[in-house]
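Listed here are the chains, written in short residue letters.
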Amino acid sequence: MLLEVRNLVKEFGGVVANADISLEIERGMTVGLIGPNGAGKTTLFNCIAGYYKPTGGKVFFERKEITGWPAHRVAKIGIARTFQGMKIMPNLTVEENVMVGAFCRTRDRQIARKKAQEILEMLDLSQEINIYPTELPVATQKRIELGRALATHPQLLMLDEIAAGLNPIETKEIIQILKRMKAERDLTLFLTEHVMEFVMAISEVVTVMAAGRKIAEGSPKEVAKQEKVIEAYLGERYAKG
Amino acid sequence: MAYSDGKMRQVLKNIFSLEDRPRSERIGFIIFIVIILVFPWVVETSYARAVMIKFLLFALFGLGWNLIGGYGGQVDLGQAKNVGFGAYATALMMVWWKVPFWITILPGMAFATAESFAVAYPMFRLRGHYFAIATLCVALVWKELFVFWDWTGGARGVEIPIRPTPDFAYMQFGSPIYYHYFIFLLFIAQLLFMNWFRKSKLGYQLQAIRDNEEAAASLGINVTNTKVITYCITAALGAMGGSFMAAYYLYIDPDFVMPLDLSILIAMTVMVGGAGSMWGPILGAAILIPLDMYLGAWLGAEKRLGIDYMIYALIMMFIAAREPKGIWGVFERMRKRR
């Protein structure tokens, strides 16, 4: 068991964003987290990655409890993430962005640079090394953010809506990259997504959330057939049909 | 030392090498060094020499402030308190116990570091403007304390007695040329430190924090600790310049070494020159310090009316609105276009 979330609760004032969520992720798996807007997917991510302190429940990583750890410690233990809506460093070049990730594991600038170059090559970004990321298209920026997270040498990579805002061709490219990454490194992927084709194409297990609760879990095909899931997405009227 | 030979060589290379900068910059830098070196032999007027020394002093202040303010993006408007700590440590120790100047530098830097460490954690709970206001208040409180206390000489300040003969131990020389070279040495030492810093892990992590704190944390960076460490280093570097001020001007009081004007002028030299760039603070000081001194001479008593402040405010507004990366940013843009 790589990651285990046990009865996690997160409340904001009176609003319950995550109610009693439990899930388990095996090493080497790709797990998709789906659900309509406001289901609490990003909140769950933030609770695991140390951006929110959970109101209740526990999080374990490799059997070690990491509940409420600050984000930088979570990163050090081997959980990397990307952000919904991207958080790229605009005043650092593409290479420097990825280098900052690599500095998570080394003090040495030469080693960090070498690692950044390797990763950028894998992501087909070798040409863009000395450019500032804001001058590049969104799809490229997403790849940079992915590379930056990868440079921290994670065991678990959490991707928050990495395909949002990408066209179908770019989405396919990202899927290719993720598959290649997983094959080359001993990686476990945990991703939230709105784009259904994306989750269904890449996940082995899908967890569905609605209104702060986990409502279904299973292989993509199983989950897509469940009434509760269809209801959550389309409303009760369509569920029976 | 834990460093192996190869590691040590790498560290030395990081300190001294400018090989990652473009050729034009390296040539420009050498020309700059040559000008500074020959300056006191070519220019004879003592006023121009004093302007030069003040320029080097403020370039030194700017380099230090650029750490937290430029690379770290935290607008610290209280650097004058650290200058004051350095200046008072030097002046008081020289007057009370006749301690040689050279020995007084370290205690001043140590006190500034310790004080900054003590106030840093609560202050870095604040962000942006609120952080700036907090730094400003802490500096003002210290200034008032130094006015209020008797043992610091109060508002009258401290005078360092002039020795009958030039004395190396107390940094009293017969000719301003020595001060020129001494501040130049301090300046070079700090420049080398900055050259190392910008290539260090700390340097990269600090810039990541400036650009996006949440992203930085996701990459394993302890945001608060990194800011605190940088804030302390900045304080120590400010105190170093302060020690020089005491020995050079031989008279200090809170209005001279700790005022708000000084904090703002230090921050402004960096912002005008280009915050977060290697050469920005030097450029900023090269423009603002001569401007400040000649404006003072030209306006005379009128200076009190605040005409110089109006001019600074205009410059500041222009920089903030049109060129957030300062003069160096303009250079970089021109270079890119070619």
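Residues numbered from 1 in each chain as written. Chains lettered and ligands numbered in written order. Predicted model: local features only at pLDDT ≥ 70, side-chain atom pairs only at ≥ 80, totals over all residues.

## Structural notes on the sheet that holds strand 7 (residues 156-160) of chain A
All names here are of chain A.
Piece 1. Taking strand neighbours across the sheet as the criterion, the 6 strands line up as 6-7-8-3-9-10 in an open arrangement whose pairing is mixed. With one partner strand each, in any of the chains shown, strand 6 (79-81) and strand 10 (213-218) form the two edges of the open sheet. The mean angle between the axes of side-by-side strands here comes to 20 degrees, regardless of whether they run parallel or antiparallel.
Piece 2. Lying on the sheet, helix 1 (residues 41-49) is in contact with strand 3 (30-34), strand 6, strand 7, strand 8 (188-192) and strand 9 (205-210); it crosses strand 7 at an angle near 145 degrees. (Pairing = 2+ DSSP bridges. Helix = DSSP H or I, 4+ residues; strand = E, 2+ residues; numbered from the N terminus. Axes fitted to C-alpha atoms, helices over the stretch in contact; angles between N-to-C directions. Contact = placed C-beta atoms within 7 Å.)

## Quick notes on the interface of chain B and chain A
Piece 1. Residue-level contacts link 16 residues of chain B with 23 residues of chain A.
Piece 2. The set of elements that each furnish at least two residues to the side of chain B that touches chain A consists of helix 8 (201-211) and helix 9 (213-218) of chain B.
Piece 3. With 6 residues, helix 8 of chain B is the single largest residue contributor to the side of chain B that touches chain A.
Piece 4. Classifying every residue of the side of chain B that touches chain A by side-chain character gives 6 nonpolar, 6 polar and 4 charged. (Nonpolar A, V, L, I, M, F, W, Y, C, P; charged D, E, K, R; others polar.)

## Structural notes on the nonpolar core
Piece 1. Residues Leu56(B) and Ala208(B) are the most contacted members of the largest nonpolar core, which totals 155 residues.
Piece 2. Sort the elements by how many residues they give to this core and helix 3 (residues 46-71) of chain B lands first, with 14 residues.
Piece 3. In this structure, this core is formed jointly by two domains, domain 1 (3-78 + 156-239) and domain 2 (89-153) of chain A, each of which donates at least three residues.
Piece 4. Residues within four places of Leu56(B) in sequence aside, it is in contact with Ile183(B), Phe184(B) and Phe187(B). (Core = buried A, V, L, I, M, F, W, Y, C linked by C-beta atoms within 7 Å. Buried ≥ 20, exposed ≤ 12 C-beta atoms within 10 Å, placed from the backbone. Domains from an automatic or database assignment.)

## Some words on the confidence of the model for chain B
Residue and element names in this part refer to chain B.
Piece 1. Looking at chain B, pLDDT values average 91 and 97% of them are 70 or higher.
Piece 2. Per-element averaging of pLDDT across chain B places helix 1 (residues 5-16) at the bottom with 83 and helix 8 at the top with 97.
Piece 3. We note a pTM of 0.92 for the whole complex and an ipTM of 0.93 for its interfaces. (pLDDT = per-residue confidence, 0-100.)

## Regarding the sheet that holds strand 4 (residues 56-61) of chain A
Residue and element names in this part refer to chain A.
Piece 1. If you walk across this open sheet you meet the 4 strands as 2-1-4-5, and the pairing is antiparallel. Of all strands in the sheet, those with a lone pairing partner are strand 2 (15-25) and strand 5 (64-65), marking the two edges.
Piece 2. In this structure, strand 1 (residues 3-12) lies alongside strand 2, joined through 7 bridges in antiparallel fashion. The residue of strand 2 that forms the bridge with Phe12 is Val15.

## Structural notes on the packing of helix 8 of chain B against helix 10 (residues 223-249) of chain B
The relative placement of two packed helices is expressed as an angle between their axes plus a distance between the axes.
All names here are of chain B.
Piece 1. Where helix 8 contacts helix 10, the axes come no closer than 10 Å and their chain directions differ by 115 degrees. Between helix 8 and helix 10 lies a crossing of left-handed hand. Where helix 8 approaches helix 10, its residues Leu202, Gln205, Leu206 and Ile209 are matched on the opposing element by Val223, Thr226, Lys227 and Thr230.
Piece 2. Considered class by class, the residues forming the contact of helix 8 with helix 10 number 4 nonpolar, 3 polar and 1 charged. (Left-handed = near helix turned anticlockwise from the far one by under 90°.)

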